[in-house]
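In case you want the letters, here they are:
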Protein chains: 2
Amino acid sequence: MMHLLFTADENYARRIPVVLESIKSSNKGERVSIHLISDELSQELRDFLAGFCADLGYDFFTYLIQKSTFSKAPVNKHYTNAMYYRLLAAEILPQDLDRILYLDPDVLVINSLVPLWNMKLEEGVCFAAASHTTEEGILDNINRIRLETSSVYFNTGVLLMDLTKCRELVRRDDIFSFIRDNGYKFILPDQDVFNGLYGEMTIQIPDEIWNYDARKYSQYLMKSTGMFNEYWVIRNTAILHYCGKEKPWNSSYRFRFGNLYRHYEQLSERRGSNILKSRILPQEKNL
Amino acid sequence: MMHLLFTADENYARRIPVVLESIKSSNKGERVSIHLISDELSQELRDFLAGFCADLGYDFFTYLIQKSTFSKAPVNKHYTNAMYYRLLAAEILPQDLDRILYLDPDVLVINSLVPLWNMKLEEGVCFAAASHTTEEGILDNINRIRLETSSVYFNTGVLLMDLTKCRELVRRDDIFSFIRDNGYKFILPDQDVFNGLYGEMTIQIPDEIWNYDARKYSQYLMKSTGMFNEYWVIRNTAILHYCGKEKPWNSSYRFRFGNLYRHYEQLSERRGSNILKSRILPQEKNL
């Protein structure tokens, strides 16, 4: 059983069916449980997601958080409260769950997640994540100085978490102090907290497989001297991450792999409307 | 129940799982029967396709044809004997089947086929097909003169056939005489025969929906003054047709929508290898 975690507000939660539709396609026969942590989620959307998961054969669990929990954390229009909840996942999720794979809602899964899910995390390693910084590591160095860490700067859009270890290592108080002391320096608040506090407990996984920045086709191609072409990506990349402000659900999106996202968006909407239809029909019968 | 027809040699038949995988995604819950007419098909591939269809929940029927049937038809390396068999479908397929949707094996289905499948064909109309010629119709005029027909020049890669009417109208002898009399003029042999003999019994359906030439993104966009953009195609086009010599299963393919094809190729290969694995395992158990 693979346990996947999303944390999202009402708006971002609407993207989850697209991700789930893509997971189903590329992970046939896998048993999957979906966990969703949120501080605002309408009953309507919750029911819809539950129905969507049921249709896929996935279990679905939601956890509603008090907004006040993170009231001291910096937020702005691109970074909402909800983005902090992954840090507290070990506390929020059932205590008998020992591992979870967190996914941002702006990803698309196009190959099997099983190798990542089954990855062994050595002693002292609590997380697995990829870095989007260049090979030269210029941004890494800037981030190291900024956040006073010696590790690479991890992107937390895909994060494998050992919850058992997290329960010992991740403390709510550490997070609050770190935000209090460093909040003014934050560029990407939740990611900065993660890197500052837990970067050194994190093992790096290849971003071209597990957290492919969908804006950077040419950079990947160059970095790999031509190996990571479109064919390679379709065959090998498991998670496409539509990072940044431009999103493939907006009609202005212009990057490669936008059409794959939109196709899954279309498939998930079709499944969604069939679910809604099948709910309405039995009621109509009663008339 | 939707009945779909492919005609293919061993080589082209290997592309069928990709098409089926895409049909399954975009036509969930539809009952589908796959019919395959061929003059050469190894038992191995036939078994594989049968297993693939069974895994999808589709019925699968094969019809093996004597190669000699069309020995007088012109063939070259791009146009094989197999491409003529669609013309004889009404003769070959079970006599109680009254409608079939023929698909070239180099298509990808990305939306529902149901509206086409349910299309009403008026009296005297035996087929529905799309044309790839430009709005200005220059090629249409050349083809009209060449094949002495007054209809547009149809692409036969997607062809809805009323088999009941075909059984009255399509005669093997007509086809042979037409090939004998006009064979020297053929550019696309099977398509030329279809257009020359049956173009006037065919109703035109929009190619941007039912037979989108995947090489021609810019032309479609221009023709529609910007309406048929990528977003529109993903939402509205049901059948992408990878026409021409360059094929998306070759690594050199450079057109838009190549990644969608490759993604379905990857999904179908994964399904295929799972089917093969599940077959080998029970045997190993016996050791």
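Keep in mind that this is a model prediction, so the values were computed, not measured. Within every chain, residues take consecutive numbers counted from 1 along the sequence as written. Each chain gets a letter, beginning with A, and each ligand a number, beginning with 1, in the order they are written. In keeping with the model being predicted, local features are shown solely for residues with a pLDDT of at least 70 and side-chain atom pairs are shown and tallied solely at 80 or more, while totals for entire chains, interfaces and linings include all residues. Side-chain numbers come from the whole structure's heavy atoms, not from hydrogens or water.

## Description of the overall build of chain A
In terms of helices and strands, chain A carries 13 helices and 10 strands. Residues are treated as being in contact if the distance between any of their heavy atoms lies within 4.5 Å. Within chain A, contacts between residues at least 6 apart in sequence are counted, and of these 77% link residues at least 24 apart. With residues, only the protein chains shown are counted as cover, and all accessible areas are computed by Shrake-Rupley using a 1.4 Å probe. Surface summary for chain A: the accessible area is close to 12,800 Å², and the carbon and sulfur share equals 51%. Strands here mean DSSP runs of E at least two residues long; helices mean DSSP runs of H or I at least four residues long; both are numbered from the N terminus.

## Comments concerning the relation of the copies chain A and chain B
Only residues with pLDDT of at least 70 in both copies count here: their C-alpha atoms drive the least-squares fit that superposes the copies. At an RMSD of 0.0 Å, chain A and chain B line up after a rotation of 180° and a shift of 0.0 Å along the axis. Such a combination of rotation and displacement between the chain copies is what one expects of a two-fold axis. Proximity to the rotation axis, assessed at the C-alpha, singles out L260(A) in chain A; its C-alpha lies 3.1 Å from the axis. The residues that chain A uses at the interface reappear at the interface of chain B in 100% of cases, marking a shared surface.

## Structural notes on the packing of aromatic side chains
Geometry of aromatic contacts follows a simple scheme: Phe, Tyr and Trp rings, the Trp one being its six-membered ring, pair when their centres are within 6.5 Å, and the pair is stacked under 30 degrees between planes, edge-to-face over 60, tilted otherwise. Summed over all chains, the structure comprises 26 aromatic pairs over all chains. Measuring from centroid to centroid gives 5.2 Å for Y242(B) and Y261(B), while their planes differ by 75°, and the two rings are edge-to-face. Taken together, the residues Y242(B) in the loop between β10 (239–241) and α13 (258–286) and Y261(B) in helix α13 connect sequence positions 19 residues apart. The structure contains a cluster of three or more aromatic residues connected by ring pairs, namely Y12(A), Y242(A), W249(A), Y253(A), F255(A) and Y261(A).

## Describing the state of the cysteines
Each disulfide is one covalent bond, formed between the sulfur atoms of two cysteines. Residues and elements named next belong to chain A. Here, the term disulfide refers to a pair of cysteine sulfur atoms separated by no more than 2.5 Å. Applying the stated criterion across every chain, the model contains 0 disulfides over all chains. With no disulfide of its own, C126 lies closest to C166 among cysteine sulfurs, the gap being 3.5 Å. The buried label applies to any residue whose accessible area, calculated with a 1.4 Å probe on protein chains only, is under 20% of its type's maximum; exposed applies above 50%, and partly exposed to all values in between. Overall, the relative accessible area of 0% leaves C126 in the buried class.

## Details of the pattern of salt bridges
As a working rule, side chains carrying opposite charge can pair if their charged atoms are close by. Whenever Lys or Arg places a side-chain nitrogen within 4 Å of a carboxyl oxygen from Asp or Glu, that contact is recorded as a salt bridge. Overall, the coordinates contain 36 salt bridges over all chains when judged by the stated rule. Between D162(A) and K165(A) there is a salt bridge whose closest N-O contact spans 3.6 Å. Accessibility classification places D162(A) together with K165(A) in one group, the buried group. For K223(A), the salt bridge is made with D207(A), and the minimal N-O distance between the two is 3.6 Å. Residue K223(A) is found in helix α11 (residues 217–223), and its partner D207(A) is found in helix α10 (residues 207–210); the two are separated by 16 residues along the sequence. Using a relative accessible area of 33% as the deciding quantity, one classes K223(A) as partly exposed. Take D207(A): its relative accessible area is 8%, and that puts it in the buried class. If you follow the salt bridges from partner to partner, you end up with R15(A), E265(A), E269(A) and R235(B) in one network.

## Some points on the sheet that holds strand β8 (residues 202–204) of chain A
Remark on secondary structure: sheet strands pair via backbone hydrogen bonds, oriented parallel or antiparallel. Residues and elements named next belong to chain A. The mixed open sheet is built from 7 strands, whose spatial order is β3-β2-β1-β4-β7-β6-β8. Each edge of the sheet is formed by a strand with only one pairing partner; in this case those strands are β3 (59–64) and β8. Neighbour-to-neighbour, the strand axes of this sheet turn through a mean angle of 25°, independent of strand direction. Here the rule is simple: two strands pair whenever DSSP picks up at least two bridges between them. Sheet topology places strand β1 (residues 2–7) next to strand β4 (residues 99–103); 2 bridges connect them, and they run parallel. Along β4, the bridge assignment pairs L4 with L101. Lines are fitted to the C-alpha atoms to define the axes, a helix being fitted only along its stretch in contact, and any angle between axes, read from their N-to-C directions, falls within 0 to 180 degrees. In this fold helix α2 (residues 16–26) packs onto β1, β2 (32–38) and β4, with an angle of close to 160° to the strand it touches most, β1. The sheet contacts of helix α9 (residues 189–198) involve β6 (127–131), β7 (154–162) and β8, and relative to β7 the element is tilted by about 55°.

## Topic: the sheet that holds strand β5 (residues 107–109) of chain B
Residue and element names in this part refer to chain B. Strands sit in the order β5-β10-β9 across an open sheet of 3 strands; the sheet is mixed. The two strands at the open ends of the sheet, each matched to only one other strand, are β5 and β9 (212–213). Inspection of the sheet shows β5 paired to β10 by 3 bridges, in the antiparallel sense. Paired with V107 across the bridge in β10 is H241.

## Details of the pairing of strand β4 (residues 99–103) of chain B
Each regular strand carries side chains that alternate between the two faces of the sheet. Residue and element names in this part refer to chain B. For β4, the tally of buried residues reaches 5 of 5 residues, placing the bulk of the element in the interior. Alternating positions in β4 separate into two faces, R99, L101 and L103 on one and I100 and Y102 on the other, with burial throughout. In this sheet, strand β7 (residues 155–162) lies alongside β4 in antiparallel orientation, the contact comprising 5 bridges. Residue pairing in the sheet places I100 in a bridge with M161 of β7.

## Considerations on the environment of S224(A)
All names here are of chain A. Inspection of the secondary structure assignment puts S224 in the loop between α11 and α12 (230–236). Take S224: its relative accessible area is 12%, and that puts it in the buried class. The sequence separation of S224 and E208 amounts to 16 residues, and the corresponding C-alpha distance is 9.9 Å.

## What to know about the side chain of H132(A)
Residues and elements named next belong to chain A. By secondary structure assignment, the location of H132 is in the loop between β6 and α6 (138–147). Side chain to side chain, H132 and N155 meet in a polar contact 3.4 Å long. Under the rule applied, a polar contact is a pair of N or O atoms within 3.5 Å (in protein, one hydrogen donor and one hydrogen acceptor; residues adjacent in sequence only if both atoms are side-chain atoms). At 2.6 Å, the side chain of H132 forms a polar contact with the backbone oxygen of N211. Among residues more than four places away in sequence, those in contact with H132 are Y153, N155, D207, N211, D213, K216, Y220, H241 and C243.

## Section: the confidence of the model for chain A
Across the chain, each position has a pLDDT score giving the predictor's confidence in that residue, from 0 to 100. Here chain A shows a mean pLDDT of 88. Residues at 70 or above account for 86%. Reported confidences for the modelled complex are a pTM of 0.88 and an ipTM of 0.85.

## Quick word on the interface of chain A and chain B
Interface size is often expressed as the accessible area that is lost when the parts come together. Contact residues are listed per partner, giving 24 residues for chain A and 24 residues for chain B. Once two parts are brought into contact, the accessible area they lose, counted with a 1.4 Å probe and summed over both, makes up the buried area. Of the roughly 2,400 Å² buried between chain A and chain B, counting both surfaces, carbon and sulfur atoms make up 43%. Area buried by chain A at its contact with chain B is led by R235(A), N259(A) and H263(A), which between them contribute 26% of it. Here chain A and chain B share 8 salt bridges between them. Taking the shortest distance from any N to any O, the salt bridge between E269(B) and R235(A) comes out at 2.6 Å. At the junction of chain A with chain B, the criterion picks out 21 residue pairs in polar contact (both at pLDDT 80 or more).

## Observations regarding the packing of helix α2 (residues 16–26) of chain B against helix α3 (residues 43–56) of chain B
Residue and element names in this part refer to chain B. Interhelical geometry of α2 versus α3 gives an angle of 5° and a closest axis separation of 11 Å. The angle between α2 and α3 falls in the class roughly parallel. The residues of α3 that touch α2, namely those facing I16, P17, L20, E21 and K24, are F48, L49, F52, C53 and L56. The residue inventory of the contact of α2 with α3, partitioned by class, reads 8 nonpolar, no polar and 2 charged. Each angle is binned into one of four classes, with values under 35 degrees roughly parallel, values over 145 roughly antiparallel, values of 65 to 115 roughly perpendicular, and all other values oblique. By the convention adopted, Pro, Cys, Tyr, Trp, Phe, Met, Ile, Leu, Val and Ala count as nonpolar, Lys, Arg, Asp and Glu as charged, and the other residues, Gly among them, as polar.

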